[in-house]
Amino acid sequence: MRSGEVSLAVEEAGDGSAGGPPVVLAHGLTATRRYVVHGSRKLERAGHRVISYDARGHGDSSPAPDRAAYRYSDLVTDLEAVLDEREVGRAVLVGASMGAATTLAFALAHPERVAALVQVTPAHLGLPQTDPEELARWDALAEALEHDGVEGFVRAYGEPPVEPRFRGLIVQAIRQRVERHRHPAAVADALRAVPRSTAFEGVVALEQLSVPTLIVASRDDLDPQHPYEVAQTYAEHIEGAELVSEEPGASPLAWRGAQLSGAIMEYLARAGVAAG
């Protein structure tokens, strides 16, 4: 399907027999549509209509015509285009990391189109990154991917700052995720643009959110790039929001697709969304 000059790869599954609005999945930076519920089919098998798509430049979607056009405003436009093309008036939006910021920004702009919001491991408070060291790291990852491919990206990423027993698994997951892109140079452009763009205006914006919201946090020992403190801030400032996470020492809930899908369905039932 088209969103302006970009072609987006969209996938749909499930017959909607569970009732309620469709569930739309939005993935994170350098990921693809597979990496929200990690291949789990639990939502559609339970009768939910599930729509997932690759963000511009990612997976099977085409690059943006302008190398800078990977801002959150562009990503929100693409999400709206997906809803319109699939004739979805209201949806449950499930976003991970970059997708979390994208879906939250959409919910602020179009609350009437959001039945519920699920924020999976939010990474920041919506504002552009300004730390020179952090920006240099994003740029180094982009440069490595652009010039040396997947292995260059993995080398630039370095050793994950987690317990030694988990490092190999995380590096393998990173390699498999990055290998899925048809246009790695476009992902490199996104690595430069996304951290420098504004999704929403910090805590003030969180306090303006008016849709049922579930926040899925990860503990910092295994997922330090998505600080637990950020998820807590969301829970404290979004009215009525619920926060869920794995038990300390366990594998992150956000990485376990079937369990994550189950948590989403349980929340929709509690919020009265699954019944329409």
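Residues numbered from 1 in each chain as written. Predicted model: local features only at pLDDT ≥ 70, side-chain atom pairs only at ≥ 80, totals over all residues. Heavy atoms only, no water.

Caption draft 1: Summary view of the sheet that holds strand β7 (residues 114–120). Here we have 7 strands laid out as an open sheet, ordered β3-β5-β4-β6-β7-β8-β9, and mixed in their pairing. This sheet does not close on itself; its edge strands, each paired only once, are β3 (10–13) and β9 (242–244). The sheet shows a mean angle of 20 degrees between the axes of neighbouring strands, taken without regard to direction. Taken together, the 3 bridges between strand β8 (residues 213–216) and β9 define a ladder with parallel strand orientation. (Pairing = 2+ DSSP bridges. Helix = DSSP H or I, 4+ residues; strand = E, 2+ residues; numbered from the N terminus. Axes fitted to C-alpha atoms, helices over the stretch in contact; angles between N-to-C directions.)

Caption draft 2: Summary view of the pattern of salt bridges. Across all of its chains, the model carries 21 salt bridges by this definition. The salt bridge involving D84 is made with R113; its shortest N-O contact spans 2.8 Å. Here the residue D84 occupies a position in helix α2 (residues 72–85), and R113 occupies one in the loop between α3 (98–109) and β7, the gap between them amounting to 29 residues. Given the relative accessible area of 13%, R113 is considered buried. For E143, the salt bridge goes to R192, with nearest N and O atoms at 3.6 Å. Here E143 is found in helix α4 (residues 132–157), whereas its partner R192 is found in helix α6 (residues 184–193), with 49 residues between them in sequence. (Salt bridge = Lys/Arg side-chain N within 4 Å of Asp/Glu carboxyl O. Buried < 20%, exposed > 50% of the residue type's maximum accessible area, 1.4 Å probe, protein only.)

Caption draft 3: Just the side chain of E44, in detail. Inspection of the secondary structure assignment puts E44 in helix α1 (residues 42–45). The exposure class assigned to E44 is buried, which follows from its relative accessible area of 13%. Those residues in contact with E44 that lie beyond four places of it in its chain are A13, G14 and V50. (Contact = heavy atoms within 4.5 Å.)

Caption draft 4: Highlighting the packing of aromatic side chains. Overall, the coordinates contain 2 aromatic pairs when judged by the stated rule. Ring centres of F200 and Y234 lie 6.3 Å apart, and the angle between their planes is 80 degrees; on these two criteria the pair is classed as edge-to-face. You can see F200 sitting in the loop between α6 and α7 (202–206) and its partner Y234 sitting in helix α8 (residues 228–237), a full 34 residues away along the chain. Assessed through its relative accessible area of 4%, F200 is described here as buried. Under the relative-accessibility criterion, Y234 is labelled buried at 1%. Here the guanidinium or amino end of R34 rests over the ring plane of Y35, the centre of that ring lying 5.7 Å away. (Phe/Tyr/Trp six-rings, centres within 6.5 Å; stacked < 30°, edge-to-face > 60°. Lys NZ or Arg CZ within 6 Å of the ring centre and 35° of its normal.)

Caption draft 5: A look at α8. Those residues of α8 not exposed but buried are Y228, V230, A231, T233 and Y234. Next to the buried residues of α8 lie α3, β7, α7, β8 and β9.

Caption draft 6: Quick look at the nonpolar core. With 61 residues, the main nonpolar core has V24, L93, L104, L117, F153, F200 and Y234 as its most contacted residues. Counting 24 residues, the second-largest nonpolar core is a separate cluster that includes V37, V120, A254 and L268. (Core = buried A, V, L, I, M, F, W, Y, C linked by side-chain atoms within 4.5 Å.)

Caption draft 7: Quick peek at unusual backbone geometry. Phi angles above zero are rare outside glycine, and T30 is one such case at about 75 degrees. Along the chain, T30 falls in the loop between β4 (23–26) and α1. On the basis of relative accessible area, T30 is assigned to the buried category, the value being 3%. Of note in the backbone geometry, H38 takes a positive phi value of approximately 55 degrees without being a glycine. Its location among the elements puts H38 in the loop between β4 and α1.

Caption draft 8: Representation of the packing of α4 against helix α5 (residues 164–178). The geometry of α4 relative to α5 is characterised by a closest axis approach of 9 Å and an angle of 165 degrees between their N-to-C directions. Taken as axis vectors, α4 and α5 run roughly antiparallel relative to one another. Viewed along their axes, α4 and α5 form a crossing whose handedness is right-handed. Between α4 and α5, the residues in contact are L145, V150, E151, F153, V154 and Y157 and V171, I174, R175 and V178, respectively. Here the contact of α4 with α5 is built from residues that sort into 8 nonpolar, no polar and 2 charged. (Parallel < 35°, antiparallel > 145°, perpendicular 65-115°, else oblique. Left-handed = near helix turned anticlockwise from the far one by under 90°. Nonpolar A, V, L, I, M, F, W, Y, C, P; charged D, E, K, R; others polar.)

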